Amino acid sequence: MPPIAATGHRRKVRFPTTNLPAKSSIATAHKTRPVNRATSSPSIGKMASPSQDPRPGVPALFTQPPPLRDPLVTETIDLQDATREKCLPFLKGIHSSQKEPFNACGVPTLQRDDHVGYLYDSLEDYPAGFVAMDSSRPWMVYWALAGLSLLGEDATRFRERVIVTLRPMQNPTGGFGGGHGQISHCAGSYAAVLALAMIGGEDAFTLIDRQAMWRWLGRLKQADGGFRVCEGGEEDVRGAYCAMTIISLLDLPLSLPHDAEARNAGLESFNSGLAEYLSRCQTFEGGISGSPGTEAHGAYAFCALACLSILGPPEETIIRHMNIPLLLSWLSARQYAPEGGLSGRTNKLVDGCYSHWVGGCWPLLQSALDGRPQTGAPETSVGSLFSREGLTRYILGCCQSHHGGLRDKPGKHADSYHTCYVLTGLSATQHHHYRTNSSVSSSKTFSSAFSWRSSPIRAEDNVFEKNDRLSPVHPLYVIPHRAVENMRLWSEARPLRV
Ligand code: FPP
Ligand code: K
Ligand code: ZN
């Protein structure tokens, strides 16, 4: 039982009987089951015949297979073909599970109430099979609150309940575990801090032991500039992004604690060697990997670019530490046609959650290319670097689950992770994110991270309707701007003496 039920919003939870999350970590929370060839065949289910005409308003780019084909037949290509065939009736707007109304562009409406209901449900009880999610408790809270905020709901009504839920997960030695009694982890701490920022208020902020958090993060900093995700755990760009998110939001001192082992290697600050470490994560493909020498992946690309954008102005940090033409080429290759959605890596499939992990890279790169910020929105901009129309079509056409919640792709069940990140991606297609030369923060360090603004893109300039508009979220912290600002200003007013 949750400590305090979400009174007034208790709904009956609908749980799928199959496709339960298999593992517990964020890295696996969105993993799909191995595809069963028989069930992934495009001919099953109650879908319309693939040859049926699309609704008016859907351009041929989104209704036909790509004109160029690799004649080689491999498992990868079979899977790609099957995925495309599965998506086509949804893109054409003719699948029987899609809900009316459709707009003049042939795109279905955002089923806002269904998604709100799904996320409220996601904070209620779970059957035994979900025990694997036990180490993702702070994430469950974060995904629901972030998703609800995007949908225009008020996250602060969960204040008391979130505080009671998260309190036992904080360890006296610093940081939050994935649940009560679990060792502190960067990912759980990131989700917990962001959830507390969203509910806001003195009780939420004072819950965090900032001094212990600083000491614990000091033990994660490595001699090569990067961060481990937990003591004795792996070192990767998730660690770096989560750590710098926490440090900058809570205004923790940048100097490493005296007992930090990285000091023995000559490092003095949390920033030391970090940008150079992230630079070493860019691969021959142009994408960014979890650690130097491994495969480029969209989730890591976002962590690395957001971390660089926290460290300093993207037009300095990203430009200096990344090969931009190569990065542009790899990021662009993540968007597929006819699907319109984004993949996480070369030769893999579109997945709704990359609407954020990959889609969220674009505003950061755009800001880097636009150069030094001005008083308001930039007068000239490199403009949109991806197809907002394609991504909107994939999200609204292929990712909305019939009973609420959003999903990886047709044939998959919704879950709160995908609901959160698909909505984040949809919001990114509806807003311009840019920085100005005035920061909310009065300190010089991280001033650029707190200078982001957004302006809505007109519904007429994309394929969504006015009522489908989501709230904007901060492109680095992935929570509402106000939540970012309140936590930073509260922390700045209470400098830590160490
Ligand atoms: C591959 O999964 C996925 C990864 C290698 C990385 C997953 C990491 C995240 C989603 C986010 C981490 C960020 C933070 C802030 C903790 P897959 O093989 O199932 O998917 P794919 O086929 O699409 O690559
Ligand atoms: K995936
Ligand atoms: Zn996914």
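Residues numbered from 1 in each chain as written. Chains lettered and ligands numbered in written order. Predicted model: local features only at pLDDT ≥ 70, side-chain atom pairs only at ≥ 80, totals over all residues.

Participant: What is the right way to read the overall build of the chain from this model?
Facilitator: A count of helices and strands for the chain gives 19 helices and two strands. Each of the 498 residues in the chain was classed as buried or not, and the buried ones make up 51%. Taking all contacts inside the chain whose residues are at least 6 apart in sequence as the whole, residues at least 24 apart take part in 73%. (Helix = DSSP H or I, 4+ residues; strand = E, 2+ residues; numbered from the N terminus. Buried ≥ 20, exposed ≤ 12 C-beta atoms within 10 Å, placed from the backbone. Contact = placed C-beta atoms within 7 Å.)

Participant: I keep staring at the packing of helix α10 (residues 237-249) against helix α12 (residues 298-311) and nothing clicks. Help me out?
Facilitator: The packing of two helices is summarised by the inter-axis angle and the distance between the axes. For the pair α10 and α12, interaxial distance at closest approach is 8 Å and the crossing angle is 35°. Handedness of the crossing formed by α10 with α12: left-handed. Along the contact surface, α10 presents Val-237, Arg-238, Ala-240, Tyr-241, Met-244, Thr-245 and Ser-248, while α12 presents Tyr-300, Cys-303, Ala-304, Ala-306, Cys-307, Ile-310 and Leu-311. A per-class count over the contact of α10 with α12 returns 11 nonpolar, two polar and one charged. (Axes fitted to C-alpha atoms, helices over the stretch in contact; angles between N-to-C directions. Left-handed = near helix turned anticlockwise from the far one by under 90°. Nonpolar A, V, L, I, M, F, W, Y, C, P; charged D, E, K, R; others polar.)

Participant: Where do I start with the confidence of the model for the chain in this structure?
Facilitator: The predicted coordinates should not be examined in detail at positions where pLDDT is low. Confidence in the prediction for the chain averages 91 pLDDT; 90% of positions are at 70 or higher. Segment residues 1-10: pLDDT under 50, and 17 contacts once partners within four positions in sequence are set aside and those in other chains are kept. Segment residues 13-48 is flagged for pLDDT under 50; beyond a separation of four residues in sequence, or across chains, it makes 57 contacts in the model. (pLDDT = per-residue confidence, 0-100.)

Participant: Please clarify how helix α16 (residues 361-370) should be interpreted in this entry.
Facilitator: One turn of an α-helix holds 3.6 residues; hence residues three or four places apart share an orientation. Taking burial as the measure, the 10 residues of α16 include nine buried ones, the bulk of the element. Of all the positions in α16, only Cys-361, Trp-362, Pro-363, Leu-364, Leu-365, Gln-366, Ser-367, Ala-368 and Asp-370 are classed as buried. Along its buried surface, α16 packs onto α12, α13 (314-321), α14 (324-332), α18 (416-430) and β1 (431-435). Phi for Gly-371, located one or two positions after α16, is positive at around 85°.

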